[in-house]
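One letter stands for each residue in the lines below.
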Amino acid sequence: SGGRCAKLGPNQPMRVLPRYADFPGLAVTRTVGDFWGEGIGLKAIPEFKSHELTSSDLFVVWASDGIWEWLSNSTVARILYRNLGEISKGGETLVEEARKMWDLKTNK
């Protein structure tokens, strides 16, 4: 309670925001199974890709738009590959790099 919903730009999803600031915000574009929200722009059916894992796959990434909105697939793969022996460090680095890009692109 005490927040608001708004679009921060014409091609941006609706976000739940603090009442008097434009960040941090939660993009409410996907609500798995909640078909009632489709009339207001929510997605009830998630986007996904299927890939059969093989012994040559090094890792699987399950991340939110907090990563994918700011880092490319190749950047994510490069960061994780460099940290194969320390997966926690790889995850922390992903978050740090996404935050840097967010700061840079939103001038925060």
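One can find the structure itself at the top, above this paragraph.
Owing to the predicted nature of the structure, the values given are computational and were not obtained by experimental measurement. (Residues numbered from 1 in each chain as written. Predicted model: local features only at pLDDT ≥ 70, side-chain atom pairs only at ≥ 80, totals over all residues. Heavy atoms only, no water.)

Peer 1: Hey, could you go over the pattern of salt bridges for me, with residue numbers and the actual values?
Peer 2: Tallied over the entire structure, the rule returns four salt bridges. Salt-bridge contacts for Arg4 lead to Asp22; the nearest nitrogen and oxygen are separated by 2.6 Å. You can see Arg4 sitting in strand β1 (residues 3–7) and its partner Asp22 sitting in the loop between β2 (14–18) and β3 (26–27), a full 18 residues away along the chain. Judged by its relative accessible area of 26%, Arg4 is partly exposed. In this structure, Asp103 engages Arg99 in a salt bridge whose closest nitrogen and oxygen atoms are separated by 3.1 Å. Of this pair, Asp103 and Arg99 are both found in helix α3 (residues 87–106), four residues apart, which corresponds to roughly one turn of the helix. Note on Asp103: relative accessible area 25%, which makes it partly exposed. (Salt bridge = Lys/Arg side-chain N within 4 Å of Asp/Glu carboxyl O. Helix = DSSP H or I, 4+ residues; strand = E, 2+ residues; numbered from the N terminus. Buried < 20%, exposed > 50% of the residue type's maximum accessible area, 1.4 Å probe, protein only.)

Peer 1: Give a description of the layout of surface pockets that names residues and reports values.
Peer 2: Vacant regions in the atomic arrangement are exposed by a probe of water-molecule size rolled over the atoms. Each pocket or cavity is described by its volume, and for the largest pocket that value is around 1200 Å³. Taken together, 23 residues form the lining of the largest pocket, with Phe48, Lys49, Val61, Trp62 and Trp68 sitting closest to its centre. Elements with a minimum of two residues in the lining of the largest pocket: α1 (65–68) and α2 (73–82). In terms of residues, the lining of the largest pocket owes the most to one element, α2, which gives three residues. (1 Å grid on protein atoms, 1.4 Å probe; cavity = no way out; pocket = protein on both sides within 12 Å on 5 of 7 lines; lining within 4 Å. Points joined across faces, edges and corners; volume = space filled by probe spheres on them.)

Peer 1: Could you give an account of a nonpolar patch on the surface, with specific residues and numbers?
Peer 2: On the surface, a nonpolar cluster with roughly 320 Å² of combined accessible area is contributed by Leu58, Tyr81 and Leu84. Tracing the sequence through the fold places Leu58 in the loop between β3 and α1. Taking the relative accessible area as the measure of exposure, Leu58 reaches 52% and is therefore exposed. (Patch = residues over 30% accessible without salt bridge, like charges linked within 9 Å, V, L, I, M, F, W, Y side chains within 5 Å. Areas by Shrake-Rupley, 256 points an atom, 1.4 Å probe, with all protein chains shown as cover.)

Peer 1: Describe the pairing of β1, listing the residues and the values that go with them.
Peer 2: Across five bridges, β1 lies against β2 in antiparallel orientation. Looking at β2, one finds that Cys5 is bridged to Val16. Counted between consecutive antiparallel strands, the loop separating β1 from β2 contains six residues. (Pairing = 2+ DSSP bridges.)

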